[in-house]
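Chain and residue survey
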Amino acid sequence: MSEGETSYEPSRDELLEWYRQMALIRRFEELAAKAYTQRKILGFCHLYIGQEAVAVGASAALEPTDVVVSAYREHGHILARGTSPRAVMAELFGKGTGITQGVGGSMHLADRERNFWGGYGIVGGHLTLATGAAFAARYRQDEQVSLVYFGDGAAQQGAFFESLLLAQLWKLPVVFLCENNYYAMGTSIERYSALQDMSLRGDGVGMKRWQFQGFDVAEVYDNVKRAVDYARSGEGPVILEAVTYRYRGHSMSDPAKYRKKGELDDVKKKDALELVRDRLAAMGVDQDTLDQVKAEVNEIAQDAYDFAESSPDPDPARLYDYTYAPDAGDDDNVEA
Amino acid sequence: MAQLQLREALRRAMVEEMRRDDRVFLMGEEVANYDGAYKVSQGMLEEFGERRIIDTPISENGFVGLGVGAAMAGLRPIIEVMTWNFSLVAYDQIINNAAKIVQMTAGQYTVPMVIRGPNGAAENLGSQHSQALESIFAHFPGLKVVSTSTPADAYGLLKSAIRDPDPVIFMESELAYGVKGEVPDDETLIPLGEAVTRREGSDLTLVSWNKQIFSCLEAADVLQKEYGISAQVLDLRTIRPLDEQALYDAVARTHRMVIVQEGFPFAGIAAEISARVQEACFDALDAPILRVTNLDLNQPYATNLEKLVIPSVARIIQAARAVCNR
Ligand SMILES: Cc1ncc(C[n+]2csc(CCOP(=O)(O)OP(=O)(O)O)c2C)c(N)n1
Ligand SMILES: [Mg+2]
C-alpha cells in the first residue's frame, strides 16, 4: 500500500458528524453566493464548494490546541474548526458581530479561541506563520502541531519554499497541506507548473511527503492524521497534497469559462457529499436520517444568514482600536 | 557610567532582556557561531545556547515570517537582518503580515517582535548596500520605527522595543557600531516615541536621528563659532510614533527648522515632518522649513561621489544659514 492509500474505517457516528459538517459548509457557501449576488457580501468572495471533505477530514485529525493557518478560501476551514456560522456569515456581511468585527472580511477570518490564526490574502505569504507557530511549539517543548492549508498556486511562491526548508532544517512540527484544485485563478496547473503533484516539492528539502485523493472525507482524515502524528512525535514536518476540485469560479466574479468541456461534470461524479451519503447508506443509515441532517444544517445556515442580515454595522468609534496591540505598554507578564 | 560601543550597548540590552524573559530569542544570519556579522551578538551563543541564539540560512522571507508566527504564538523574537537592504526580500512578511495582523484579527492576535540591523550608508558599498529605509517602514500603521546609533539610546530603546507588544523596526548604523558613549550602569528603559534635545539653541532647530545626529552636532558647533548662529539639535530617535509635540515646541521657540535625513528625498521622513510642522505651526515659522537629504540618486561607489550624495556638515550649515538669512 502506498502512503496515500487508506484502509481506515470510520464509525457510523464519526461519519455522520463529518457529513453534517460538510453539508453545513456547502449550504453556508450556497447562501454566501446568494448574498453576494444581492450585494450583501462585497469584495472578493472565494467559495469552497467541492473541497469540503478536505477541511472536515483535516480538522478531525487535529487537537483543539493545534494551530491552523489558511489563505482566503477559508470559510470551510474555519467552520470545520467549530467557529459559529453566525459569526462567520456576519463577517462576510461586514457586520460588527462578525468573528473579526467586520474588520477582516471574507479573506481574513480569525478565531483565537479555536487557534484559527486567520485567512491571509497574499498567496503563499501565510506559510511562514505556521512555520513560526511550529517553531514556538518546539521552543516551548509543547505538543502543539500547526497545520497550514494552501493552494496549488501558492506552491510557486518563495515564502512557500523558504517555509519548507526552515521547517525541515529544524524538524518543526508543521503539516503543509496543499489543496490541489488544479487551478490558480484562471490558469490551469499544467500551464504554470512542470510538476503537478505539489507534495513533490518536499523532495527538494528532504521532507516527508505524499499525495492522496481529497474527495473521501475518511481518506482525508486518515492521511492527515498520520501526518499530524508524525509531526507531533517530533520526527519533523510533512507536506501533503490533497487532490480536489472547486466547483465554482475562483471568486464570485469568475464565471470559470476556462474549464475543459465536461471537466466539472466528471469531477462531480465523485462529489464529496454524495460519497459520504453513499457510505452512510451502505452502513445502514436510512434516508430519513440523512435528510434530517440536511434539514438541520440548512436551518443553521439560514439562521447564520438571518443573523448576519439583522446585525448592526461595525461601530465607527472602534476604527482606531486595532492598529496596535490592545494592551499597549510594557509587558511584565514574564513566563521565564 | 560605563563607556560602551554601540554594538556593546545593543548586546547588553538583548542579554538583559533574554535573562529576564525566556520567550526572547535572537535569530538571523551569522548571529550565533560567527558572533554576528558586526559582532553585535558576540558571546551570546555561549551564554544562551543554540535554543535561543539561532543561525539561519539566507532566507529572510522565511525567517522574518517565521518570527511573525513565533510572535503570534507568544514568543518575543529578535530577528536580525544583516542590513536593512536585505529585509526587502522579506518586505511582504513585514508589511502584509507583521503590520496588519492585529488589525485583520480585530486584536485577537498581536505581533510582539523586533526586527533589527544596520541601516544607511557605510562606506563605498555602492547602490544596493547603502540605503536608509526608514520611510518605507514608517509609512505603515501597525509598525513602530526606531532609528538611533547613540549607545545609551540604543540600549534603552532596544529594551523597550523587546518588551513592546507590537512589531518594532529597529535601525542601527554600521558606521556607528564602534562609536563609544556613556551608558548608565543601572537598567534603564527609554520609551518609544520620545525625542530628546542633544544641544540647546535659540535661532533654529536641526531635526535628525541616527548617525546624522553626529553631523548635526558638528554643524551646530561651526554655526555657533563662525556665524554666531545658535542651533538646537533635536534627536527624534523614534520615527513612528513621531514625537510631534517636541517638534512643535521646538518651532515655537526657534521659529526655524532644518530637517536632516539620510535617504532619498522623495516622500521621505523629512517631507512628512515638514508637512506636519507647517500644518500645525504655520504662524510660528519665520522661514520655510528646509530639508537636507541624500541627493535624489542611487548611491555611487567612488568616495568623492558618495560624499556628494549623502548629507554633509557643509550642506547642513548651508541650509541653516539660509533659513536664518545669515
Ligand atoms: C502574491 C499574490 N499574487 C497574486 C495574487 C492574486 N491571486 C489571488 S488567488 C490567486 C490564485 C491562487 O491559487 P491557489 O493557490 O491554487 O489557490 P486556490 O484559489 O485555488 O484556492 C491569485 C493569483 C495574490 N492574492 N497574491
Ligand atoms: Mg488552486
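Reading the values: rules and limits
Residues numbered from 1 in each chain as written. Chains lettered and ligands numbered in written order. Predicted model: local features only at pLDDT ≥ 70, side-chain atom pairs only at ≥ 80, totals over all residues. Heavy atoms only, no water. Near = heavy atom within 4 Å. Polar contact = N/O pair within 3.5 Å; in protein donor to acceptor, adjacent residues only side chain to side chain. Areas by Shrake-Rupley, 256 points an atom, 1.4 Å probe, with all protein chains shown as cover. Buried < 20%, exposed > 50% of the residue type's maximum accessible area, 1.4 Å probe, protein only. Helix = DSSP H or I, 4+ residues; strand = E, 2+ residues; numbered from the N terminus. Pairing = 2+ DSSP bridges. Right-handed = clockwise from strand over helix to strand, strands pointing away. Contact = heavy atoms within 4.5 Å. Buried area = accessible area lost by both parts, 1.4 Å probe. Nonpolar A, V, L, I, M, F, W, Y, C, P; charged D, E, K, R; others polar. Axes fitted to C-alpha atoms, helices over the stretch in contact; angles between N-to-C directions. Core = buried A, V, L, I, M, F, W, Y, C linked by side-chain atoms within 4.5 Å. Domains from an automatic or database assignment. Salt bridge = Lys/Arg side-chain N within 4 Å of Asp/Glu carboxyl O. Donors = N, O, S within 2.8 Å, 3.2 Å for Na, K, Ca; no water. Expected span 1.5 Å × (residues − 1).

Another point: the site of ligand 1. All names here are of chain A. Every one of the 15 residues lining ligand 1 counts as a neighbour, but Tyr72, Arg73, Gly121, Gly153 and Asn181 are closest to it. In the environment of ligand 1, a nitrogen atom lies 2.9 Å from a nitrogen or oxygen atom belonging to the backbone of Gly121. Taking His250, its side chain carries an N or O atom lying 3.4 Å from an oxygen atom of ligand 1. Protein contact buries 71% of the 590 Å² of open area that ligand 1 shows by itself.

All names here are of chain B. Because side chains alternate across strand S6 (residues 144–147), one face comprises the buried residues Lys144 and Val146, and the other comprises Val145 and Ser147, equally buried. Pairing of S6 with strand S7 (residues 168–172) involves four bridges; the strand directions are parallel. Bridging from a neighbouring strand, Val145 pairs with Ile169 of S7. Viewed along the sheet, the connection from S6 through helix H7 (residues 151–163) into S7 turns out right-handed. Where S6 meets strand S12 (residues 238–240), two bridges bridge the pair, whose relative direction is antiparallel. Note on S12: the bridge partner recorded for Val146 is Thr238.

Moving on, we get to the interface of chain B and chain A. On the chain A side, the residues contacting the 51 residues of chain B number 47 residues. It is Met104(B), Gln108(B) and Tyr109(B) in chain B that bury the most area against chain A; as a group they hold 16% of the surface buried on that side. Secondary-structure elements contributing two or more residues to the side of chain B that touches chain A are strand S2 (24–28), strand S3 (53–55), helix H3 (60–72), helix H4 (91–98) and helix H5 (101–104) of chain B. The element best represented in the side of chain B that touches chain A is H3(B), accounting for 10 residues. The class makeup of the residues in the side of chain B that touches chain A is 21 nonpolar, 16 polar and 14 charged.

Here the focus is the sheet that holds S2(B). Residue and element names in this part refer to chain B. On the basis of which strands lie adjacent, the open sheet formed by seven strands has the order S3-S2-S4-S5-S7-S6-S12 and mixed pairing. Edge positions in the sheet fall to S3 and S12, since each has one partner strand and no second. Taking each pair of neighbouring strands and ignoring which way they run, the sheet shows an average axis angle of 20 degrees.

Bringing the nonpolar core into the picture now. One finds Phe135(A), Phe176(A), Phe137(B), Leu247(B) and Ile273(B) to be the most contacted residues of the largest nonpolar core, which totals 83 residues. Take this core: its biggest share by element is eight residues, from helix H5 (residues 127–140) of chain A. Composition of this core by domain shows at least three residues from each of domain 1 (2–183) and domain 2 (196–324) of chain B. In contact with Phe176(A), other than residues within four places in its own chain, are Leu127(A), Thr131(A), Val148(A), Phe150(A), Ser163(A), Leu164(A), Ala167(A), Met207(A), Pro237(A), Val238(A), Ile239(A) and Leu240(A). Listed in part, the 68 residues of the second largest apolar core include Ala55(A), Val68(A), Leu147(A) and Leu273(A).

All right, on to the sheet that holds strand S4 (residues 174–180) of chain A then. Residues and elements named next belong to chain A. Here we have six strands laid out as an open sheet, ordered S2-S1-S3-S4-S8-S7, and parallel in their pairing. Strands with a single pairing partner mark the edges of an open sheet, and in this sheet they are strand S2 (116–119) and strand S7 (208–213). On average, adjacent strands in this sheet sit at an angle of 15 degrees to one another, irrespective of strand direction. In this structure, strand S3 (residues 146–151) lies alongside S4, joined through six bridges in parallel fashion. Each residue of the ladder has a partner; that of Leu147, found in S4, is Val175. Relative to S4, helix H6 (residues 158–169) is tilted by about 150 degrees, and along the sheet it contacts S3, S4 and strand S8 (238–243).

Turning our eyes to something else, we now look at the domain arrangement of chain B. All names here are of chain B. Taken as a whole, chain B is organised into domain 1 (2–183) and domain 2 (196–324). The straight-line distance from the C-alpha centre of domain 1 to that of domain 2 is 26 Å. With 34 residues of domain 1 at the contact, the number on the domain 2 side is 26 residues. Asp153 is the salt-bridge partner of Arg198, the closest N and O atoms lying 2.2 Å from each other. On the surface where domain 1 and domain 2 come into contact, there are 18 residue pairs in polar contact (both at pLDDT 80 or more). Mapped by element, the contributors of at least two residues to the side of domain 1 that touches domain 2 are helix H6 (134–138), S6, H7 and S7. Counting residues per element, the side of domain 1 that touches domain 2 draws most heavily on S6, which supplies four residues. Here the side of domain 1 that touches domain 2 is composed, by residue class, of 15 nonpolar, 14 polar and five charged.

Residues and elements named next belong to chain A. Protein-derived ligands of the magnesium ion (ligand 2) are Asp152 (OD), Asn181 (OD1) and Tyr183 (O), with the metal-ligand distances lying across 2.1 to 2.2 Å. In the primary sequence, the donor residues of the magnesium ion (ligand 2) line up as D-x28-N-x1-Y. Here Asp152, found in the loop between S3 and H6, pairs with Asn181, found in the loop between S4 and strand S5 (183–184); they are 29 residues apart in sequence, far enough to count as distant.

Residues and elements named next belong to chain A. Counted at 1.5 Å a residue, the expected span for H6 with its 12 residues is 16 Å, and the 16 Å between its end C-alpha atoms agrees. Inspection of H6 places Ala159, Phe160, Glu162, Ser163, Leu164, Leu166, Ala167 and Gln168 among the buried residues, and these make up the whole buried set. Phi for Lys171, located one or two positions after H6, is positive at around 50 degrees.

This brings us to unusual backbone geometry. Pro241(B) follows Arg240(B) through a cis peptide bond whose omega is 0 degrees. In this fold, Pro241(B) is placed in the loop between S12 and helix H9 (244–254). Phi angles above zero are rare outside glycine, and Met185(A) is one such case at about 50 degrees. Counting through the fold element by element, Met185(A) comes out in the loop between S5 and strand S6 (187–188). For Met185(A), a relative accessible area of 54% gives the class exposed.

Residues and elements named next belong to chain A. Position of His75 among the secondary structure elements: in helix H3 (residues 75–80). Take His75: its relative accessible area is 0%, and that puts it in the buried class. Within polar-contact distance, the side chain of His75 engages the side chain of Glu29 at 2.8 Å. In contact with His75, not counting residues within four places along its chain, are Phe28, Glu29, Cys45, His46, Leu47, Leu92, Ser106 and Leu109.

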